[in-house]
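Listed here are the chains, written in short residue letters.
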Amino acid sequence: MLAWFWTRPLWGFAAIYRGTVNDPTTFPPPNRSQGSYHWAFERLLAASLLPITGAAFVTSGSAYPVLDGILGVSLVMHSHIGFDSILVDYVHPRKFSKLGPTLTWVLRATTVGVLVGVYQFNTEDIGLTELVAKAWHA
């Protein structure tokens, strides 16, 4: 009974392998956006969040709406890159041929939806920095 349990795929998803387990994995064609430039952009974005966040909270969000917009876009981009890295690392298309691309498109659609929501919140409401300031003083 225990052996049957351990041979079942986790979460009901069957692993799909092309070829045998001894075949080498295929490498994608070289792409400049996936190499060191991509890594450098991620580090630059992560490092720039600290001064952008500090500047946004020192100033008032209503007085500097451009800074509030830059903060919103930077946070969403940083989150998208992080979640995309999780999908690339753990939901690889070689193992999950249908689920991997589906979740990638779900992430892209969610990112677009969040960007629209952040834009509307910054333009039609108080903005991100004012929201955090009000929550901080509440």
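Note: the structure precedes this text.
Thresholds applied
Residues numbered from 1 in each chain as written. Predicted model: local features only at pLDDT ≥ 70, side-chain atom pairs only at ≥ 80, totals over all residues. Heavy atoms only, no water. Axes fitted to C-alpha atoms, helices over the stretch in contact; angles between N-to-C directions. Helix = DSSP H or I, 4+ residues; strand = E, 2+ residues; numbered from the N terminus. Parallel < 35°, antiparallel > 145°, perpendicular 65-115°, else oblique. Left-handed = near helix turned anticlockwise from the far one by under 90°. Contact = heavy atoms within 4.5 Å. Expected span 1.5 Å × (residues − 1). Buried < 20%, exposed > 50% of the residue type's maximum accessible area, 1.4 Å probe, protein only.

Undergrad: Describe the packing of helix 3 (residues 65-90) against helix 4 (residues 99-124), and please don't skip the residues or the numbers.
TA: Where helix 3 meets helix 4, the axes come as close as 10 Å, and the angle between the chain directions of the two elements is 165°. Classified by the interaxial angle, the pair formed by helix 3 and helix 4 is roughly antiparallel. For the pair helix 3 and helix 4, the sense of crossing is right-handed. Where helix 3 approaches helix 4, its residues Asp 68, Gly 69, Gly 72, Val 73, Val 76, His 80, Phe 83, Asp 84 and Leu 87 are matched on the opposing element by Leu 103, Thr 104, Leu 107, Arg 108, Thr 111, Val 114, Leu 115, Val 118 and Asn 122.

Undergrad: I'd love a proper account of helix 4, names of residues and values included.
TA: Taking 1.5 Å of rise per residue, 26 residues should cover 38 Å, and helix 4 covers 37 Å from first to last C-alpha, within 8% of that figure. For helix 4, every residue scored as buried is listed here: Gly 100, Thr 104, Leu 107, Thr 111, Val 118 and Asn 122. Those residues of helix 4 that are buried lie in contact with helix 3 and helix 5 (128-137).

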